[in-house]
Protein chains: 2
Amino acid sequence: MSNIREVARRSGVSVATVSRTLKDPKVVSPQTRARVLKAVDEVGYRPNLLARNFSSGKSFAVMVLVPNIANPFFSRVIRGIEKAAQDQGYSVLLGDTKGQPANEQFYAGMALTNQADGLIQLDSSYPFADKDATLAASVPMVNACERIAEDDRYPVVELDNRGAAQAIAQHLMELGHSRIGVITGPVASPIVRDRLAGFRQALEKRGLQLDSERVTEGEFTMPSGQRGAEALLSAAHAPTAIFCMNDEMAIGAIHQAKKMGLTVPGDVSIAGFDNIEFSQFTDPPLTTIDQPAEALGRYAMETLRLMIDAKPLKSSRTILPFNLVLRESTGPLQDV
Amino acid sequence: MSNIREVARRSGVSVATVSRTLKDPKVVSPQTRARVLKAVDEVGYRPNLLARNFSSGKSFAVMVLVPNIANPFFSRVIRGIEKAAQDQGYSVLLGDTKGQPANEQFYAGMALTNQADGLIQLDSSYPFADKDATLAASVPMVNACERIAEDDRYPVVELDNRGAAQAIAQHLMELGHSRIGVITGPVASPIVRDRLAGFRQALEKRGLQLDSERVTEGEFTMPSGQRGAEALLSAAHAPTAIFCMNDEMAIGAIHQAKKMGLTVPGDVSIAGFDNIEFSQFTDPPLTTIDQPAEALGRYAMETLRLMIDAKPLKSSRTILPFNLVLRESTGPLQDV
DNA sequence: CTGAAAGCGCTAACAA
DNA sequence: TTGTTAGCGCTTTCAG
């Protein structure tokens with residue numbers, strides 16, 4: 001592995017000049033530049049970025065904490081993060097936490113040892129260990145898709161979750177439904193509460209109540225959606241429509257409804273959230289909320305970059321718009 | 001940010017002793033150790049791993065090149081990589097290449113600037129730019145799930161693809177099918193050729209031919225599976241069973257079959273490959289090949305680690321077993 | 001426009 | 001067991 005000294009020797013200049021040629025070519029004379037570049041070429045020199053980063057005191061890497069990398073929605077967010085990171089000369093370290101504090105603390109801790117310049121947290125928990133809280137205070141972090149519960153120190157990039165849930169509720173009511181069930185995500189999550197609040201509000205605006213017996217908690221997974229649907233649909237006065245707070249749970253719910261001999265949307269309408277690619281291929285295709293996942297990731301990275309560079313943020317909260325996607329999993333209330 | 005010097009000063013020892021206390025506590029006396037640890041605690045010292053890595057000449061990071069992070073199969077492989085990496089004190093850099101050479105070259109190039117100590121390539125292409133080939137020769141790399149076409153310089157961790165395709169073929173033949181179609185992945189991929197060869201071999205062993213008109217190329221995506229099925233099923237003498245080389249294409253194929261008014265598996269049996277979680281929730285649930293995805297990732301990381309440490313490999317090829325998962329998307333040939 | 005030299009924080013060889 | 005010191009490869013300040 002060749003180093004800057006070798007290039008310097010070979011081109012008869014100092015290491016400083018080689019460094020300058022590579023970082024800021026226009027400050028060296030054309031002749032020198034040519035000589036240096038020739039030498040670079042001859043020895044196949046690549047700067048050791050480990051040294052450069054060390055020297056600059058930055059890693060030029062960001063750590064992304066993702067609760068579940070197998071969720072295709074997060075994949076899209078990560079894509080957006082990566083694209084923006086690449087544009088800005090940053091690399092992306094992946095931390096699949098499975099929602100477990102131990103993993104979060106491990107990966108978040110990497111920012112305390114200069115392995116990452118900042119964090120993007122896609123979950124709703126404060127990722128640092130309590131004992132690290134003091135040190136962590138100076139670590140740039142942004143929350144994307146989620147919000148850290150009861151902690152407004154960090155900027156947030158999120159969807160208009162409340163509005164999206166309202167849109168779903170309105171859509172279902174317009175179809176004539178009034179007995180509506182909800183399969184939520186973990187209720188500890190602020191966005192779950194946002195969605196629930198928006199949904200409830202929309203119902204109440206039309207004089208309907210969201211019966212608490214028709215609200216069941218899921219885990220954003222297909223099996224939990226299946227279990228939730230089973231609970232809701234086997235009750236007396238079962239709902240004629242179910243709003244699932246992500247597509248995976250909706251897929252589980254459709255599966256369960258069919259298993260119970262019900263038709264979708266004939267007997268029960270089912271709506272999801274996220275618009276993952278699979279939602280187009282379910283039977284029936286899923287009515288859902290499209291989230292601008294890549295944009296969420298991109299804004300998160302751009303915001304984080306500003307924080308890393310200690311530049312002022314335009315706003316500590318970026319709210320992106322949703323889009324209601326109507327497909328065939330929701331339909332008019334059937335006469336009984 | 002405190003540094004090792006500050007801790008040294010505070011505890012009245014040299015920086016070397018602080019360093020030793022942290023890396024190899026048993027070589028310092030208990031009293032000294034206690035003093036040092038106390039100081040570490042007081043100033044909230046965390047070693048700057050950027051400096052440590054630089055000093056050691058290694059980044060302790062590996063770059064994972066993944067063609068499509070939205071594919072849940074790869075998510076599981078990445079999980080396995082990450083787990084193993086964490087165990088070994090490595091971090092994981094993510095490079096979502098979308099199968100594009102420019103992206104591969106960009107991310108692979110990070111190993112040439114010491115940002116990664118090695119590469120795990122999940123696609124079938126040689127990821128470096130031609131001009132980097134010489135330098136790249138010394139970069140540790142392992143191929144997982146795929147093989148780099150016509151390049152046996154790198155160790156491989158893969159499935160018994162040939163055997164798996166044979167198992168699918170046998171299963172379909174046992175159900176009475178003889179007009180069998182295949183939706184492949186990109187034919188440039190060696191594993192696609194393996195699967196095709198295995199499949200063909202199994203048919204021929206029973207005196208059946210794999211009609212080339214019943215083989216169509218997909219891209220491992222749901223839309224391409226849908227297109228493939230449309231082509232196969234609208235032909236005269238349409239196949240009564242279709243083997244799709246991944247689950248996503250199978251999901252697209254089921255979608256298309258239903259769209260054409262066909263029942264699955266009544267009119268056409270459809271089998272997938274990978275056993276992604278969604279394959280349990282399709283209607284009907286998918287017969288498929290279970291790949292030990294996490295294990296593939298883990299072995300890849302462990303192999304890469306050996307290469308990074310310049311230790312001998314037990315074998316340049318690790319082949320993991322598959323498991324045929326029978327569900328309801330395949331069924332007996334119906335009388336016509 | 002270019003060079004000399006200090007220094008980033010840590011490790012490790014060598015001495016004591 | 002501990003301290004001194006020389007780097008690791010690069011950037012950057014300060015002179016020239």
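Scanning the entire structure with this criterion turns up 37 salt bridges over all chains. A salt bridge links Lys258 of chain A to Asp283 of chain B, with the nearest nitrogen and oxygen atoms 2.5 Å apart. You can see Lys258 of chain A sitting in helix α11 (residues 247-259) and its partner Asp283 of chain B sitting in the loop between β9 (269-271) and β10 (288-290), one on each of two chains. Note on Lys258 of chain A: relative accessible area 26%, which makes it partly exposed.

Turning next to the pairing of strand β3 (residues 118-121) of chain A. Residue and element names in this part refer to chain A. Here β3 shows two buried faces, one formed by Gly118 and Ile120 and the other by Leu119 and Gln121. Sheet topology note: the β3/strand β4 (residues 141-144) ladder contains three bridges and is parallel. Among the inter-strand pairings, Ile120 is bridged to a residue of β4, identified as Val142.

Neighbouring DNA strand C are 25 residues, the closest being Thr32 of chain A together with Ile4, Ser19, Tyr45 and Arg52 of chain B. Those atoms of DNA strand C that come within 4 Å of the protein belong to sugar or phosphate at a rate of 64%. A distance of 3.0 Å separates a phosphate oxygen of DNA strand C from a polar backbone atom of Ser14 of chain A. At 2.4 Å from a phosphate oxygen of DNA strand C is found a main-chain nitrogen or oxygen belonging to Ile4 of chain B. Residue assignment for the surface near DNA strand C shows that the elements contributing at least two residues are α2 (15-23) and α4 (49-56) of chain A together with α2 (15-23) and α4 (49-56) of chain B.

Attention shifts here to the packing of α2 of chain A against helix α3 (residues 30-43) of chain A. Residue and element names in this part refer to chain A. Put simply, α2 and α3 touch, their axes get as near as 10 Å, and they point 90° apart. Overall, the two elements α2 and α3 adopt an arrangement that is roughly perpendicular. Counted together, Thr17, Val18, Thr21 and Leu22 of α2 and Thr32, Arg33, Val36, Leu37 and Val40 of α3 form the full contact between these two elements. Looking at the contact of α2 with α3 residue by residue, the classes come out as five nonpolar, three polar and one charged.

Turning to unusual backbone geometry, a few remarks are in order. Cis geometry is adopted by the peptide bond preceding Pro265 of chain A, which originates at Val264 of chain A and carries an omega value of 10°. Mapped onto the elements of the fold, Pro265 of chain A is located in the loop between α11 and β9 (269-271). For His237 of chain A, which is not a glycine, the phi torsion comes out positive at approximately 50°. Following the sequence through the fold, His237 of chain A ends up in the loop between α10 (222-234) and β8 (241-244). A relative accessible area of 60% means that His237 of chain A is categorised as exposed. Located in the positive-phi region is Ala310 of chain B, a residue other than glycine, with phi close to 55°. By secondary structure assignment, the location of Ala310 of chain B is in the loop between α12 (293-308) and β11 (317-320).

A few words now on the protein's contact with DNA strand D. Close to DNA strand D lie 26 residues, the nearest being Ile4, Ser19, Tyr45 and Arg52 of chain A together with Thr32 of chain B. Across the atoms of DNA strand D situated within 4 Å of the protein, the share located in sugar and phosphate is 61%. Ser14 of chain B places a main-chain nitrogen or oxygen 2.9 Å from a phosphate oxygen of DNA strand D. When residues of the surface near DNA strand D are traced back to their parent elements, those giving at least two are α1 (4-11), α2 and α4 of chain A together with α2 and α4 of chain B. Across the surface near DNA strand D, the residue classes break down as eleven nonpolar, ten polar and five charged.

Before going further, it helps to examine the side chain of Gln291 of chain A. Turning to its location among the elements, Gln291 of chain A is positioned in the loop between β10 (288-290) and α12 (293-308). Residue contacts for Gln291 of chain A: discarding those within four places in its chain leaves Phe73, Arg76, Leu159, Arg195, Phe273, Asp274 and Leu296 of chain A.

This brings us to the sheet that holds β8 of chain A. All names here are of chain A. Spatially, the four strands line up as an open sheet ordered β7-β6-β8-β9, and their pairing is parallel. At either margin of the open sheet sits one strand with a lone partner, and together these are β7 (215-217) and β9. Each strand axis lies, on average, 15° off the axis of its neighbour in the sheet, ignoring direction. Both β8 and β9 contribute to a ladder of three bridges, which runs parallel. Looking at the pairing, Phe243 lines up with Ala271 of β9. Those strands touched by helix α8 (residues 161-174) are β6 (180-184), β8 and β9, and its axis lies near 165° from that of β8.

Cut-offs applied
Residues numbered from 1 in each chain as written. Chains lettered and ligands numbered in written order. Predicted model: local features only at pLDDT ≥ 70, side-chain atom pairs only at ≥ 80, totals over all residues. Heavy atoms only, no water. Salt bridge = Lys/Arg side-chain N within 4 Å of Asp/Glu carboxyl O. Helix = DSSP H or I, 4+ residues; strand = E, 2+ residues; numbered from the N terminus. Buried < 20%, exposed > 50% of the residue type's maximum accessible area, 1.4 Å probe, protein only. Pairing = 2+ DSSP bridges. Near = heavy atom within 4 Å. Polar contact = N/O pair within 3.5 Å; in protein donor to acceptor, adjacent residues only side chain to side chain. Axes fitted to C-alpha atoms, helices over the stretch in contact; angles between N-to-C directions. Parallel < 35°, antiparallel > 145°, perpendicular 65-115°, else oblique. Contact = heavy atoms within 4.5 Å. Nonpolar A, V, L, I, M, F, W, Y, C, P; charged D, E, K, R; others polar.

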